[in-house]
Amino acid sequence: GTMLYFQALLHGLSELPAADAEVRRRLEAQAQALGWPALHARLQALDPVTAARLHPNDQQRIQRALEIIELTGRAPSELHAQPRSPVLTGAVRRLALVPAQRQLLHARIAERFEEMMAQGFLDEVRRLHARGDLTAELPSMRAVGYRQLWEHLEGRTSLDEAVSRGIAATRQYAKRQLTWLRAEPELERFDPDEARLPARVLAALGLG
């Protein structure tokens, strides 16, 4: 997500193996038989550092972590800790918009999702589903919102339930972003709802 792109600019990317379709199919089958929390427990035993930052139902990241372990024999946390070459050089100012009111953020997330639905989000996913060359296992179809509407189109949930799950998943994604931001050093935080926000940001940059 966004935080990963920022970290890649600051610190570079770790050398990780490419995806392996066979390994992913095997992990998918194991998850269907045992459940993703069981695979998370396996990851906990193999790489507790990575497991500690993943939700037991974070399918995509759990799968990728176990895939890396199987392909390299090394823990993802070990690979991520290796020296990397940053893309950016020189001083970097780190500014972030961090909402102070969590309830207001949740309300806006729900409003945004409902607006996406009104603008044809379901029709977009329906067209993708009808193509025949895409599956629910693809990373693109696991994106927040797409995954939930895909489940609805396959008859596993009602539309109302799919929308509710999409909103909940978006809130969880926002929560992970905020958790990452709290741990970011030297970060200058601004409340997006505060008065005179543009003026404050310009002043912080020495432009106001």
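Residues numbered from 1 in each chain as written. Predicted model: local features only at pLDDT ≥ 70, side-chain atom pairs only at ≥ 80, totals over all residues. Heavy atoms only, no water.

Asks: What is the right way to look at the overall build of the protein chain in this model?
Replies: Assigned secondary structure in the protein chain consists of eleven helices and two strands. Reading the secondary structure of the protein chain in the N-to-C direction produces α-α-α-α-α-α-β-α-α-α-α-β-α. C-alpha atoms of the protein chain, sized along the principal axes, occupy 55 × 45 × 30 Å. Counting only residues that meet the buried cut, the protein chain has 32% of its 208 residues in that class. A total accessible area of about 12800 Å² is found for the protein chain, and carbon and sulfur atoms account for 55% of it. (Helix = DSSP H or I, 4+ residues; strand = E, 2+ residues; numbered from the N terminus. Buried < 20%, exposed > 50% of the residue type's maximum accessible area, 1.4 Å probe, protein only. Areas by Shrake-Rupley, 256 points an atom, 1.4 Å probe, with all protein chains shown as cover.)

Asks: Mind showing me how you'd approach the packing of helix H2 (residues 21-34) against helix H5 (residues 59-72) here?
Replies: Helix packing geometry: the angle between the two helix axes and the distance between the axes. Contact geometry for H2 and H5: axes closest at 10 Å, N-to-C directions at 125 degrees. Here H2 lies oblique to H5, going by the angle between them. Here H2 and H5 pass one another in a crossing that is right-handed. Counted together, Val 23, Arg 24, Arg 26, Leu 27 and Glu 28 of H2 and Gln 63, Arg 64, Leu 66, Glu 67, Glu 70 and Leu 71 of H5 form the full contact between these two elements. Each residue belonging to the contact of H2 with H5 can be placed in one class, and the counts come to four nonpolar, one polar and six charged. (Axes fitted to C-alpha atoms, helices over the stretch in contact; angles between N-to-C directions. Parallel < 35°, antiparallel > 145°, perpendicular 65-115°, else oblique. Left-handed = near helix turned anticlockwise from the far one by under 90°. Contact = heavy atoms within 4.5 Å. Nonpolar A, V, L, I, M, F, W, Y, C, P; charged D, E, K, R; others polar.)

Asks: What is the right way to look at the pairing of strand E1 (residues 94-97) in this model?
Replies: For a regular strand, side-chain orientation follows a simple rule: the groups alternate between the two sheet faces. A one-sided burial pattern is seen for E1, the buried positions being Arg 94 and Ala 96 and the unburied ones Leu 95 and Leu 97. Here E1 pairs with strand E2 (residues 187-190) via four bridges, running parallel. For Arg 94, the partnering residue across the bridge sits in E2 and is Leu 187. (Pairing = 2+ DSSP bridges.)

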